[in-house]
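Structure at a glance
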Amino acid sequence: QVQLVESGGGLVQAGGSLRLSCAASVRTFSSYNMGWFRQAPGKEREFVTAIRGSDGSTYYAGSVKGRFTISRDNAKNTVYLQMNSLKPEDTAVYYCAANLYGGNLYYTPTYEHWGQGTQVTVSS
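Report on the accompanying structure.

**Brief notes about the pattern of salt bridges**
- Counting across every chain of the model gives three salt bridges.
- Residues joined in a network through salt bridges with shared partners are Arg-38, Glu-46, Arg-67 and Asp-90.

Structure, rendered in structure tokens:
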């Protein structure tokens, strides 16, 4: 019933930019908290950023603060991740996630629905 589909990943040189999109089939999209996580080979999935549905508050991991921006378009049921000043250490599979009931948005199990991920590779 619920589907999240990421797009926009690809190859980019260090210092470049990329914008990821996550199209959601969830009902009442504006009620959902949305997050982006990433997972590099051999590492656990880590929090990147999140945006609340209730008030639009945003949260960022320290490693991406000032470089990444999360936003949402509720009319399009879409959340975006604008990534600027990309670094090789940003290389990972990026996942979109949705949460309806709230909680700690930094915590992976908080999210009820996940997309399949999109690969982002940053070369040096």
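**Brief notes about the environment of Gly-35**
- Along the polypeptide, Gly-35 turns up in strand β4 (residues 33-39).
- Between the C-alpha atom of Gly-35 and that of Tyr-80, which follows or precedes it by 45 residues, the distance is 9.7 Å.
- What Gly-35 contacts, discounting residues up to four positions off in sequence, is Thr-49, Ala-50, Tyr-95, Cys-96, Ala-97 and Tyr-111.

**Thoughts on the pairing of strand β3 (residues 18-24)**
- In terms of burial, β3 is largely enclosed, as five of its seven residues are buried.
- Bridge count for strand β1 (residues 4-7) against β3 is four bridges, and the pairing is antiparallel. The partner of Val-5 across the bridge, within β3, is Ala-23.
- Strand direction decides the pairing type here: β3 and strand β8 (residues 78-83), joined by six bridges, are antiparallel. For Arg-19, the partnering residue across the bridge sits in β8 and is Gln-82.

**Some points on the packing of aromatic side chains**
- This structure, assessed with the given rule, holds six aromatic pairs.
- Note on Phe-37 and Phe-47: the rings are 5.7 Å apart at their centroids and 75° apart in plane angle, and the pair reads as edge-to-face. Residue Phe-37 is found in strand β4, and its partner Phe-47 is found in strand β5 (residues 46-51); the two are separated by 10 residues along the sequence.
- Residue classification places Phe-47 among the buried residues on the basis of a relative accessible area of 10%.
- Between the aromatic rings of Phe-47 and Tyr-106, the centroid separation amounts to 4.5 Å while the plane-to-plane angle is 45°, which identifies the pairing as tilted. Taken together, the residues Phe-47 in strand β5 and Tyr-106 in the loop between β9 (92-99) and β10 (113-114) connect sequence positions 59 residues apart.

**Things to note about the state of the cysteines**
- According to the stated counting rule, one finds one disulfide in the structure shown.
- At a sulfur-sulfur separation of 2.1 Å, the disulfide partner of Cys-22 is Cys-96. Across the disulfide from Cys-22 to Cys-96, rotation about the S-S bond amounts to roughly -80°, and the bridge is consequently left-handed. Residue Cys-22 is found in strand β3, and its partner Cys-96 is found in strand β9; the two are separated by 74 residues along the sequence.
- On the basis of relative accessible area, Cys-96 is assigned to the buried category, the value being 0%.

**Quick look at the nonpolar core**
- Counting 34 residues, the largest nonpolar core has Met-34, Trp-36, Phe-68, Val-79, Met-83 and Tyr-94 as the members making the most contacts within it.
- Secondary structure elements with two or more residues in this core: β3, β4, β5, β7 (68-73), β8, β9 and β11 (118-123).
- Per-element accounting of this core gives the leading share, five residues, to β9.

**A closer look at the sheet that holds β8**
- The four strands lie next to each other as β1-β3-β8-β7, forming an open sheet whose pairing is antiparallel. Each edge of the open sheet is held by one strand with a lone partner, namely β1 and β7. Between one strand and the next, the sheet's axes are offset by a mean angle of 15°, whatever the strand orientation.

Criteria and cut-off values
Residues numbered from 1 in each chain as written. Predicted model: local features only at pLDDT ≥ 70, side-chain atom pairs only at ≥ 80, totals over all residues. Heavy atoms only, no water. Salt bridge = Lys/Arg side-chain N within 4 Å of Asp/Glu carboxyl O. Helix = DSSP H or I, 4+ residues; strand = E, 2+ residues; numbered from the N terminus. Contact = heavy atoms within 4.5 Å. Buried < 20%, exposed > 50% of the residue type's maximum accessible area, 1.4 Å probe, protein only. Pairing = 2+ DSSP bridges. Phe/Tyr/Trp six-rings, centres within 6.5 Å; stacked < 30°, edge-to-face > 60°. Disulfide = S-S within 2.5 Å. Core = buried A, V, L, I, M, F, W, Y, C linked by side-chain atoms within 4.5 Å. Axes fitted to C-alpha atoms, helices over the stretch in contact; angles between N-to-C directions.

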